[in-house]
Amino acid sequence: MESIQKMTVVILAGGFGTRISEESYLKAKPMIEIGGKPILWHIMKTYSTYGFNEFIICLGYKSYGVKEYFSNYLLYHSDVTFDFTDNSFITHQNTAEPWKVTLVDTGLETMTGGRLKRIRNYIDEKPFMLTYGDGLADVNISELVKFHREHGKYATITAVQPSGRYGKLNLDKTNQVSNFDEKPLGDGGWINGGFFVFQPEVFDYIEGDHVQLEKEPLENLAKDHQLMAYKHTSFWKAMDTLRDKNELEQLWKKNGAPWKKW
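Computed from a predicted model, the values in this text were never measured in an experiment. (Residues numbered from 1 in each chain as written. Predicted model: local features only at pLDDT ≥ 70, side-chain atom pairs only at ≥ 80, totals over all residues. Heavy atoms only, no water.)

Draft legend 1. Layout of the overall build of the protein chain. Looking only at helices and strands, the protein chain has nine helices and 16 strands in total. Contacts in the protein chain between residues far apart in sequence, at least 24 positions, make up 73% of those at least 6 positions apart. (Helix = DSSP H or I, 4+ residues; strand = E, 2+ residues; numbered from the N terminus. Contact = heavy atoms within 4.5 Å.)

The structure is reproduced here in structure tokens:
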């Protein structure tokens, strides 16, 4: 059996990021930085920590910025000496990752399902993982893959319970405030947290560019009893707004970033 570390990780990185337009008008949303590194880098480091180092990144909006970042990765992450007498340069203290990264233009207006469908030829009809280019979590990727392999269905979705936007007041019977819960979990419902594991059969549930993965494909997989949920009860955060970005930045600055396992 092929080593699970050979499983490819697909990252959706082509959306417009309209809800964080303060920064996304300049760059693709996954290139917005947390702690001086693109959030895309943080996501890839999470997978790499568990030994998954082969990535396919689905590009769209401002794709050139992502391509430029990876084409100059060594320059960004090393000390460099430039010798202009012979137009050469030498990198020092190289901190390059053991990654193989394939960047695929999947269209400017393509929906999430369509973007996935467009990279089918790069998957080679093997199981693979998929996640969004704007969400961080401390998911145990090895346990996620183990769960997927054991249940034998076509698809696994990581289910999460996001924290509430505001703190919660706990009141006694006389309406006296007993204590505060800072940003407790939501109403108990589970939502799609990304971090999928898919069998190649999932591609057959996607018709084309217009299809949102979160609509008919996942709904039909559920109807066919082919979708399982891996419950993740620890840290998860989507960077939807500038406020979310600032919260992630503060976690990083305080050395309290739960997703940092490297």
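Draft legend 2. Up close: unusual backbone geometry. Of note in this structure, aspartate 124 is not a glycine but carries a positive phi near 65 degrees. Exposure remark for aspartate 124: the relative accessible area of 54% places this residue in the exposed category. For glutamate 125, which is not a glycine, the phi torsion comes out positive at approximately 55 degrees. Tracing the backbone shows glutamate 125 in the loop between helix 6 (120–123) and strand 8 (128–132). (Buried < 20%, exposed > 50% of the residue type's maximum accessible area, 1.4 Å probe, protein only.)

Draft legend 3. Main features of the pairing of strand 6 (residues 88–92). Alignment of strand 5 (residues 79–83) against strand 6, held across five bridges, turns out to be antiparallel. In the sheet register, aspartate 83 faces strand 6, and the bridge partner there is serine 88. (Pairing = 2+ DSSP bridges.)

Draft legend 4. The arrangement of the nonpolar core in detail. By size, the foremost hydrophobic cluster in this structure holds 44 residues, and its most contacted members are Tyr47, Phe52, Phe70, Met129 and Ile141. Among the elements of the structure, strand 1 (8–13), helix 2 (39–49), strand 4 (54–59), helix 3 (63–71), strand 9 (135–137), helix 7 (141–151), strand 16 (236–238) and helix 9 (242–253) are those that each provide at least two residues to this core. Among the elements that take part in this core, helix 2 stands out by supplying six residues, more than any other. Ranked by size, the runner-up nonpolar core spans 23 residues in total, among them Leu12, Leu116, Leu130 and Val211. (Core = buried A, V, L, I, M, F, W, Y, C linked by side-chain atoms within 4.5 Å.)

Draft legend 5. Region of the structure containing the layout of surface pockets. The calculated volume of the largest pocket comes to roughly 770 Å³. For the largest pocket, the lining is made up of 31 residues, of which Gly15, Lys29, Thr112, Tyr132 and Asp134 are closest to its centre. Listed by contribution, the elements that provide at least two residues to the lining of the largest pocket are strand 1, helix 5 (112–118), strand 8, strand 13 (191–192) and strand 16. (1 Å grid on protein atoms, 1.4 Å probe; cavity = no way out; pocket = protein on both sides within 12 Å on 5 of 7 lines; lining within 4 Å. Points joined across faces, edges and corners; volume = space filled by probe spheres on them.)

On their own, these measurements won't tell you what the molecule is for.
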